[in-house]
Amino acid sequence: MIDLIPAPQKVSWSPPAPGYESLDADTHLEARAGTEGVARWLRATLGAATGLPFPDGNHTDNRIVLSVEPDLAPEAYRVVIDGYARRIEGGSAAGVFWGAQTFRQLLGPDAYRRAPVRPGQKWELPRVTIEDAPRFRWRGLMLDVARHFMPKDGVLRYLDLMAAHKLNVFHFHLTDDQGWRVEIKRHPRLTEVGSWRARTKFGHRASPLWDERPHGGYYTQDDIREIVAYAAERHIAVVPEIDVPGHSQAAIAAYPELGNTDVIDTTALSVWDTWGINPNVLAPTDNTLRFYEGVFEEILELFPADAAPFSSFVHVGGDECPKEQWRRSPVAQSRIKELSLADEDELQSWFIRHFDAWLTARGRRLIGWDEILEGGLAPGAAVSSWRGYQGGITAARAGHDVVMCPEQQVYLDHRQDGGADEPVPIGYVRTLEDVYRFEPVPPELAPEEARHVIGTQANLWTEVMEDQGRVDYQAFPRLAAFAEVTWSALPPPAERDFAGFERRMGAHYERLDALGVAYRPATGPRPWQRRPGVLGRPIEGAPPNV
Ligand code: ACM
């Protein structure tokens, strides 16, 4: 009946009969207790698109009523358009906000613009009642701003795009070998030195091309506070990731004493300018622990636990930490002996456990990539399962919370078509339909284990995404399919109505056009979206184009 994405649980025509009604300059807005933030968003967003003022008032049926209703679950909502006051009701302000997103979709694609484009346009609403609630609590998007920096405005824009798709966790990958993107006052060299690199590999590792321009950028602490507050106003938690003990060359370039100085000359390291798994990892010393405790102290202040549900989580990375330097380092080996550890995997586990205890003592929760399972999982830790489902299955069976984000399904940096025109194609071919048929809960989990799958997220790694347009291209339209997977109560993968989703995408492409999203058209990349001659990364041993 109405081409909503993500699909709501239930839509019906409001009695007595199908029909439409309009918003106009007399449409008032009544924001009941607890909905003031949603009213601010609605007035700013729909006010800009429509040019309508939405004055306060409750004296007329020509109004929108926002209210928190205790019969609804926190993120559930009800939108009622029935010829009387239009109601947007939620179980909490978050539910009201998701209802407001649906309300915006009902108004048509021009509601996604920032100014009116048609003088005298009628803003019609269908007389429907929509009842809806999300399937998963953690509906995430990870953005890597380390490999390529996304300026603050772009991040705020992505938060708006997430909100429009009812996604509520922004996993902010802030540090890596190729850049450190958050100002830390007590360690200024992290951004002075670590936030930029002299040149950048253009294409994946095998590419011979270089972009010889310096690349960099970072968020000041006030930028971060602004991003977190902007997200919170949209009921989105920002989960910062500070990657340890691997993926740390930018930090080591800034502070060489953080590296394994007894193995290599860490003063010769610079911020990495190419891609892959980097051997230069943190030294497991007291100095490193104290340094990162200092970093995390500032991070906890910047990312308050109560900003939104899941804001208590802090991601510590933990992925892809080669152990070669630790094997050769007398300092690391004596640490292993002193702690009576079996091997370097247990040393990594000790490192992660240290921060698990440190974060737990401060009322926070650690989350890390599934490698943190190796050598023993820290007691309070949650796991981002990326190397397939297995890490998540193991963690859930051990009673740990899991966010499913298997690279084979929801790494949106991977190519979305097998054709030769895909820009810098990497990884698996994962089409819009593949993402639509992604199932976050593996069937082998028993119901009580499956409860630990608190949700799912799509991940955007930006090695081959040099600007916002490239990020848009990789993210969309697949993020719309992902949003439906995470929000809507879809049947098992094989039974999903992909044809119906594609039909609804017709309306959604118009919304994305109005938002200025540089998505991949269904017919393939536009000429300027191609990157002819720039090598990607086939997966070794896989069939051609995988
Ligand atoms: C990852 O993709 N290395 C988490």
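The structure reproduced in this document is the subject of the present report.

A look at the overall build of the chain
In terms of regular secondary structure, the chain is built from 17 helices and 22 strands. Relative to its length of 546 residues, the chain is compact, with a C-alpha radius of gyration of 24 Å against a globular reference of 24 Å. Oriented by its inertia axes, the alpha-carbon framework of the chain measures out at about 80 × 50 × 45 Å. The buried share among the 546 residues of the chain stands at 61%. Within the chain, contacts between residues separated by at least 24 positions form 73% of all contacts whose residues are at least 6 apart in sequence. Summing over all exposed atoms, the chain offers an accessible surface of approximately 20100 Å²; the carbon and sulfur share of this is 52%. Looking at the chain, you have 59 positive and 77 negative side-chain charges, and the mean spots of the two groups are 3 Å apart.

Things to note about the state of the cysteines
Per the counting criterion, the structure on display carries zero disulfides. The thiol sulfur of Cys405 is not disulfide-bonded, and the nearest other cysteine sulfur, from Cys321, lies at 19 Å. Judged by relative accessible area, Cys405 falls into the buried class, the value being 0%.

Quick word on the side chain of Ser14
On the secondary structure map, Ser14 appears in the loop between strand 1 (10-13) and strand 2 (20-23). What makes Ser14 buried here is its relative accessible area of 1%. Within the local environment of Ser14, its side chain forms a polar contact with the backbone oxygen of Ile81, the two atoms lying 2.9 Å apart. What Ser14 contacts, discounting residues up to four positions off in sequence, is Ile81, Asp82, Arg127, Val128 and Thr129.

Re the sheet that holds strand 3 (residues 28-31)
What the six strands build is an open sheet, ordered 1-8-5-6-4-3; its pairing is mixed. Whereas interior strands pair on both sides, the edge strands pair on one side only; in this sheet they are strand 1 and strand 3. Put simply, the sheet's adjacent strands are angled 10° from each other on average, direction ignored. Sheet analysis places strand 5 (residues 77-80) next to strand 6 (residues 86-90), joined by four bridges and oriented antiparallel. Note on strand 6: the bridge partner recorded for Arg78 is Glu89.

Comments concerning the pattern of salt bridges
Under the counting rule described, the total for this entry stands at 47 salt bridges. The shortest N-O distance in the salt bridge between Lys10 and Glu131 comes to 3.6 Å. Here Lys10, found in strand 1, pairs with Glu131, found in strand 8 (residues 128-132); they are 121 residues apart in sequence, far enough to count as distant. Across the pair Arg504 and Glu484 runs a salt bridge, and its minimum N-O distance is 2.7 Å. Highlighted residues: Arg504 in helix 17 (residues 498-515) and Glu484 in helix 16 (residues 478-487), separated in sequence by 20 residues. Both residues of the pair, Arg504 and Glu484, count as buried. In the salt-bridge network here, residues are joined through shared partners; they are Asp71, Arg78, Asp82, Arg87 and Glu89.

Brief notes about the sheet that holds strand 10 (residues 169-173)
The eight strands are arranged 9-10-17-18-19-20-21-22 in a closed barrel whose pairing can be described as parallel. Each adjacent strand pair in this sheet contributes to an overall mean axis angle of 25°, direction not counted. Of the pairings in the sheet, the one linking strand 10 to strand 17 (residues 237-244) comprises five bridges and is parallel in character. Bridging from a neighbouring strand, His171 pairs with Val239 of strand 17. Here helix 11 (residues 390-397) sits on the sheet and contacts strand 20 (382-385) and strand 21 (402-404); the angle it forms with strand 21, its principal contact strand, is near 160°.

Some words on empty space enclosed by the protein
With the rule as written, the count across this model stands at one cavity of 30 Å³ or more. Its volume calculated, the largest cavity comes out at about 40 Å³. For the largest cavity, the full set of lining residues is Lys201, Phe202, Gly203, Val424, Glu463, Val464, Glu466 and Val534. Of the residues contributing to the lining of the largest cavity, the split by class is four nonpolar, one polar and three charged.

Points about the packing of aromatic side chains
The tally for this structure, following the rule as stated, stands at 27 aromatic pairs. Relative to Trp98, the ring of Phe97 has its centre 5.3 Å away and its plane inclined at 65°; by these criteria the two rings are edge-to-face. Look at Trp98 and you get buried, because its relative accessible area is 0%. With 5.3 Å between their ring centres and 45° between their planes, Phe172 and Tyr219 make a pair best called tilted. Here Phe172, found in strand 10, pairs with Tyr219, found in the loop between strand 16 (215-216) and helix 5 (221-233); they are 47 residues apart in sequence, far enough to count as distant. The class of Phe172 is buried, set by a relative accessible area of 0%.

The rules behind each value
- Residues numbered from 1 in each chain as written.
- Predicted model: local features only at pLDDT ≥ 70, side-chain atom pairs only at ≥ 80, totals over all residues.
- Heavy atoms only, no water.
- Helix = DSSP H or I, 4+ residues; strand = E, 2+ residues; numbered from the N terminus.
- Rg over C-alpha atoms; globule rule 2.2 N^0.38 Å.
- Buried < 20%, exposed > 50% of the residue type's maximum accessible area, 1.4 Å probe, protein only.
- Contact = heavy atoms within 4.5 Å.
- Areas by Shrake-Rupley, 256 points an atom, 1.4 Å probe, with all protein chains shown as cover.
- Lys, Arg positive; Asp, Glu negative; His and termini not counted.
- Charge placed at Lys NZ, Arg CZ, Asp CG, Glu CD.
- Disulfide = S-S within 2.5 Å.
- Polar contact = N/O pair within 3.5 Å; in protein donor to acceptor, adjacent residues only side chain to side chain.
- Pairing = 2+ DSSP bridges.
- Axes fitted to C-alpha atoms, helices over the stretch in contact; angles between N-to-C directions.
- Salt bridge = Lys/Arg side-chain N within 4 Å of Asp/Glu carboxyl O.
- 1 Å grid on protein atoms, 1.4 Å probe; cavity = no way out; pocket = protein on both sides within 12 Å on 5 of 7 lines; lining within 4 Å.
- Points joined across faces, edges and corners; volume = space filled by probe spheres on them.
- Nonpolar A, V, L, I, M, F, W, Y, C, P; charged D, E, K, R; others polar.
- Phe/Tyr/Trp six-rings, centres within 6.5 Å; stacked < 30°, edge-to-face > 60°.

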